[in-house]
Amino acid sequence: MSDPSTIQMYWVLTCESAQSHAVSMASGCRRDAAAMIHRAVKEFCEREPPTNQNELSRRQKQALNLTGV
């Protein structure tokens, strides 16, 4: 799973999952809190994509922490 295209695919899936979870979480929050959730996920997903398996794993753990899973 260490080839660049596979890492990129998993990064995209990680971001899509985080964004979907953020929408769900934000729907139950007040406007300011919802905006903070969306901003945090947006900033997370706009980072440079990971370039190796270790970095991808670290980002996936960060996504779990970010979304409160």
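See the structure shown above.
Worth saying up front: this structure is predicted, and the values here are computed from it rather than measured.

What counts and what doesn't
- Residues numbered from 1 in each chain as written.
- Predicted model: local features only at pLDDT ≥ 70, side-chain atom pairs only at ≥ 80, totals over all residues.
- Heavy atoms only, no water.
- Disulfide = S-S within 2.5 Å.
- Buried < 20%, exposed > 50% of the residue type's maximum accessible area, 1.4 Å probe, protein only.
- Salt bridge = Lys/Arg side-chain N within 4 Å of Asp/Glu carboxyl O.
- Helix = DSSP H or I, 4+ residues; strand = E, 2+ residues; numbered from the N terminus.
- Core = buried A, V, L, I, M, F, W, Y, C linked by side-chain atoms within 4.5 Å.
- Contact = heavy atoms within 4.5 Å.

Student: Lay out the state of the cysteines with the relevant residues and their values.
Tutor: Per the counting criterion, the structure on display carries 0 disulfides. The thiol of Cys-15 is unpaired, and the distance to the nearest cysteine sulfur, on Cys-45, comes to 3.0 Å. Taking relative accessible area as the criterion, Cys-15 reaches 8% and is therefore assigned buried. The cysteine Cys-29 is free of any disulfide, with Cys-45 supplying the nearest cysteine sulfur at 18 Å.

Student: Please give an account of the pattern of salt bridges that cites residues and values.
Tutor: One pass over the full model with this rule turns up 2 salt bridges. For Glu-46, the salt bridge identified is with Lys-42, shortest N-O distance 2.7 Å. Arg-59 is the salt-bridge partner of Glu-55, the closest N and O atoms lying 2.9 Å from each other. Highlighted residues: Glu-55 and Arg-59, both in helix 3 (residues 53–67), separated by 4 residues, approximately one helical turn. We note that Glu-55, like Arg-59, is buried.

Student: Kindly report on the nonpolar core, identifying the contributing residues and their values.
Tutor: Counting residues in each nonpolar core, the largest one holds 13 residues, and the members touching the most others are Trp-11, Val-41, Phe-44 and Cys-45. At the level of elements, helix 1 (4–26), helix 2 (31–45) and helix 3 are the ones that each hand at least two residues to this core. Take this core: its biggest share by element is 6 residues, from helix 1. Filtering out sequence-adjacent residues up to four positions away, Phe-44 remains in contact with Trp-11, Thr-14, Arg-59, Gln-62, Ala-63 and Leu-66.

The analysis is restricted to geometry; functional conclusions fall outside its scope.
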